[in-house]
Structure formats: C-alpha cells, structure tokens
Amino acid sequence: MTSVIRVNLERLSYEIAIAQGCLDQLGELIAPLKLGQKVLIVSNPEIFHHYGQQAIASLEKTGFEVASTTLPAGEPYKTLETLQKVYDTALERRLERSSTMIALGGGIVGDMTGFAAATWLRGINVVQIPTTLLAMVDASIGGKTGVNHPRGKNLIGAFHQPRKVIIDPLVLKTLPDREFRAGMAEVIKYGVIWDGELFTHLEQAQRLDEMQFMEPSLLQEILQRSCQSKAEVVSKDEKELGLRAILNYGHTIGHAVESLTGYTTVLHGEAVGIGMVAASRIAVKLGMWDEDCDRRQLALIEKAGLPTKLPTGLNIDEILASLQTDKKVQNKKVRFILPTAIGAVTITDQVPSEVIREVLQDMF
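All figures in this text were calculated on a predicted structure; none of them were measured in a lab.

Undergrad: Explain the overall build of the protein to me, please; I cannot follow it from the model alone.
TA: Within the protein one finds 13 helices and 11 strands. The C-alpha atoms of the protein give a radius of gyration of 20 Å, which matches the 21 Å a tight globule of 364 residues would have. In terms of its C-alpha atoms, the protein occupies a principal-axis envelope of roughly 60 × 40 × 40 Å. Residues counted as buried form 57% of the 364 residues belonging to the protein. Sequence separation of 24 or more characterises 76% of the internal contacts of the protein that already satisfy a separation of 6 or more. In the protein, 38 side chains carry a positive charge and 43 a negative one; their mean positions are 6 Å apart.

Laid out in structure tokens, this is it:
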C-alpha cells in the first residue's frame, strides 16, 4: 500500500511518500525533483550499518554521485560542534548550491541534517528519510531544523523545508521497542490536538507498546493519519505564527524535563508523554476539559508503555525556571497548549504558576 500526502506551502510544496520497501526506490523517487548530481547522506553508525548501503545502491543506480558521513547517536551530540563534521564533508566533497543532503535516521539526524542544509552555502536541498516512528510522524515533516544549546532544546535552528519525505515502514523492524513507544507519544498527540477519530482507533487497539503486536493495517493508518495531521497544520501555518504551535502539545514541560535530565535519561517521546499528562491535568484544573477525557488520555499513554510520572530528583523550581527558556515564551509569559476536547486544543498564556506547581507536585 502506497500513500502520498502533500504539504501545500506558498513556495516549494512537497510530498510525503509512505510505502513498504520504498528505500530500494530512493533514487527513482527523488530523480524527478532535479536535486543536482551530488548528494551527501548523513546518518548515525547504527542506522547506516542497517540501511546505508541500500540507500547508496539505489542512488548510484540512478546516476547520483554519493558521499556519506555519520554522526554519533544521542541527544547530547545534537550540537554545533558535532555538526562541524557535516560541514567538513560537504567541503571535502565540494557540495554545490544545487546539491542535496539526505537525512537517513531519526529525529536528531533529521534536525541536524536539515540545519546543515539550511546553512551550507546559505541553503541547499534536503530530503528526509526517517527511520524511527517519532521522526516519521513528526520530526521529518514541516521544516523545523536545529541543534540544542546547553540550556535549552533546539534553540539554535532554522525553518528549512525538505524537498521530499520518504517513509519506508519496513525500517521500523530494527527500531528498539523503547524508541517505538517514544514515537507513539507523538501519535497520541495528534489524536488529542487534531484527529479525534485517530484517538478512538488507538483506544480500540489491543496494544500500542510494541510493533510486533500491531496489525500492519493499523501501523499504516497511524503513519498516514499522523502525517496528514502534521501536513494540514504546517500547510496552514508554515513558520509557527499561530496554529502550528499546537503541535507543541506536551512539549512545554516535556522540553524542561529533557533539559534538566541532561538529554540522557529520558527520550523525547517519553518527555512528551509526561508533558501531555501535565497539560491535561492543568486543563482539568482550569475547567477547560473534563476528567473523563483526562482519564482516556492517561489510559492511552499507559497503553503505549510511556512514563506518566516525573523522573525522581527533579526540582519543581528548576522546572518552572526552565519553562522561561521555552521557544513559545512571549512577553515573558509561558504559552501552554491545553486540550479542550478530544481532537481540539487551545493556546493560552493564562496559566497561574501555582496551578503548574500543584500539578507537578502530584506527578512524582
């Protein structure tokens, strides 16, 4: 089964292609886009070991001149210092303005490759080939690129849309179960903020915590509906001037948790799950949505095997202070995305700090 979803933008609209085995057709899929002859694949060692040669073979078969480089895996390496390796390879292989970088990996590889492409020669093409569930449904779509600052996640970055996103569900067979569960957090997010029907289908699924227990048809639906949700939101608000901020549901407190744990003990999706629990309870306390919806969301997050409590050792005052470095802060006020119904959220900066503190105290 092949699905093609279009991201409609003012300039340089692009397609998301979802098809089993499409990594073998990589060269054929991007050749019509006229992306230049030279391509640079950026990956991490493990993903490149599994899929690097497969991608290179397809590209070379179609006539591309292929170079590759790998970056160390993990959030602690999502830095400007690490990115220097991509720039060095681009210089050595004489990448030109018509050339293309290809991100083969998860969200970290995608964000870093996108930022390298945005800044090399003031901007060259990038193609996203996500290999994790989280990257497939979220990070690879929408053009957000960047690296972390020691005091905050993704504070250094740029909007740089891909020319194409290519999703091969078969690559998920090498994804660790914990990473799969982390990706499910973003899927649940779409059910809460945009697609109530997806939320219902997730409730009806027997298990969400391991791919081996998931019907291929459900996985295809998860990928298609999640990508469609992201594409619709990005098409309406490419640069996050308004609506697109809803995609950060669960991320406000989630990013604080990641930052304060040094990006080493909590995966991004796990932090988002914790953040969604907090946002839901804040919404209940503010009378914005009811406790039954809160319970339904909590049940889904637990079904996906995600944490629902704050990591031990975190300090609430530090969390509150960290919120002030969030990218969504406006006029020194933290903006929260809070649910109002299954499939609908609102953006507000009217959340009293004592409510946040009360919710967080109950999450240890």
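Undergrad: Hey, could you run me through unusual backbone geometry in this one?
TA: Peptide bonds are, in most cases, trans, and in most cases residues other than glycine have a negative phi. If you check the backbone angles, asparagine 154 has positive phi at about 55° while not being a glycine. In the Ramachandran plot, tyrosine 263 falls in the positive-phi region, its phi being about 60° despite a non-glycine side chain. Structurally, tyrosine 263 is set in the loop between helix H9 (251-260) and helix H10 (268-285). By relative accessible area, which is 11% here, tyrosine 263 ends up buried.

Undergrad: How should the sheet that holds strand S1 (residues 2-7) be read in this particular structure?
TA: Neighbouring strands of a sheet are bound in pairs by backbone hydrogen bonds; such pairs are parallel or else antiparallel. Reading across the sheet, the seven strands line up as S1-S2-S9-S6-S5-S3-S4 and stay open at both edges, with mixed pairing between neighbours. Each edge of the open sheet carries a strand with a single partner, namely S1 and strand S4 (65-70). On average, each strand axis in the sheet is tilted by 20° relative to the strand beside it, whichever way the strands run. Taken together, the two bridges between strand S6 (residues 125-130) and strand S9 (residues 164-167) define a ladder with parallel strand orientation. If you follow valine 127 over to S9, its bridge partner there is lysine 164.

Undergrad: Would you take a moment to explain the packing of aromatic side chains for this structure?
TA: Any aromatic ring pair is given by two values, namely how distant the centres are and how the planes are angled relative to each other. For the structure on display, the rule yields one aromatic pair. On the basis of an interplanar angle of 20° and a centroid distance of 6.1 Å, the ring pair of tyrosine 87 and tryptophan 120 is categorised as stacked. On the criterion of sequence distance, the pair formed by tyrosine 87 in helix H3 (residues 80-92) and tryptophan 120 in the loop between helix H4 (107-119) and S6 is long-range, its members being 33 residues apart. A single burial state applies to tyrosine 87 and to tryptophan 120, both of which are buried. Just above the ring of tyrosine 190 sits the side chain of lysine 189; from NZ or CZ to the centre is 4.7 Å.

Undergrad: I keep staring at the nonpolar core and nothing clicks. Help me out?
TA: Nonpolar side chains tend toward joint burial in soluble globular proteins. Ile16 and Met184 are the most contacted members of the largest nonpolar core, which has 99 residues in total. At nine residues, the largest contribution of residues to this core is made by H10. Ignoring any residue separated from it by four or fewer positions in sequence, one finds methionine 184 in contact with Leu133, Leu202, Leu208, Met214, Ile222, Ala304 and Leu306.

Undergrad: Teacher, can you tell me more about H10 here?
TA: Owing to its 3.6 residues per turn, the α-helix brings residues three or four apart onto one side. A rise of 1.5 Å per residue sets the reference length of H10, with its 18 residues, at 26 Å; its end C-alpha atoms lie 26 Å apart and thus fit the reference within 8%. Most of H10 is tucked away, with 15 of its 18 residues classed as buried. Immediately downstream of H10, the backbone of glycine 287 shows phi near 75°, a positive value.

Undergrad: Just checking my understanding: could you explain the pattern of salt bridges for this structure?
TA: When the charged atoms of two side chains with opposite charge come close together, those side chains can pair. Throughout the structure, instances matching the rule amount to 20 salt bridges. For lysine 230, the salt bridge goes to aspartate 138, with nearest N and O atoms at 3.2 Å. Of the two residues, lysine 230 sits in helix H8 (residues 216-236) while aspartate 138 sits in helix H5 (residues 133-139), which places them 92 residues apart along the sequence. You can call aspartate 138 buried: its relative accessible area is 10%. For lysine 189, the salt bridge is made with glutamate 186, and the minimal N-O distance between the two is 2.7 Å. In this pair, lysine 189 and glutamate 186 both sit in helix H6 (residues 177-193), three residues apart, roughly one turn of the helix. On the accessibility criterion, lysine 189 (0% relative accessible area) is buried. According to the relative accessible area criterion, glutamate 186 is buried, its value standing at 0%. Through salt bridges with shared partners, one network takes in Glu75, Lys78, Asp111, Lys153 and Glu258.

Undergrad: What am I meant to see in the side chain of threonine 89 here?
TA: Relative to the assigned elements, threonine 89 resides in helix H3. Ignoring sequence-local partners within four residues, the contact set of threonine 89 consists of Leu40, Ser68 and Thr69.

Undergrad: For this particular structure, what's the right way to read the pairing of strand S11 (residues 344-348)?
TA: Every other side chain in a regular strand lies on the same face of the sheet, so the side chains alternate between the two faces. Note that strand S10 (residues 336-341) and S11 share five bridges and pair antiparallel. Bridge pairing in S11 places leucine 338 opposite threonine 346. From the end of S10 to the start of S11, which pair antiparallel, there are two residues, and glycine 343 there has a positive phi angle of about 100°.

Reading the values: rules and limits
- Residues numbered from 1 in each chain as written.
- Predicted model: local features only at pLDDT ≥ 70, side-chain atom pairs only at ≥ 80, totals over all residues.
- Heavy atoms only, no water.
- Helix = DSSP H or I, 4+ residues; strand = E, 2+ residues; numbered from the N terminus.
- Rg over C-alpha atoms; globule rule 2.2 N^0.38 Å.
- Buried < 20%, exposed > 50% of the residue type's maximum accessible area, 1.4 Å probe, protein only.
- Contact = heavy atoms within 4.5 Å.
- Lys, Arg positive; Asp, Glu negative; His and termini not counted.
- Charge placed at Lys NZ, Arg CZ, Asp CG, Glu CD.
- Pairing = 2+ DSSP bridges.
- Axes fitted to C-alpha atoms, helices over the stretch in contact; angles between N-to-C directions.
- Phe/Tyr/Trp six-rings, centres within 6.5 Å; stacked < 30°, edge-to-face > 60°.
- Lys NZ or Arg CZ within 6 Å of the ring centre and 35° of its normal.
- Core = buried A, V, L, I, M, F, W, Y, C linked by side-chain atoms within 4.5 Å.
- Expected span 1.5 Å × (residues − 1).
- Salt bridge = Lys/Arg side-chain N within 4 Å of Asp/Glu carboxyl O.

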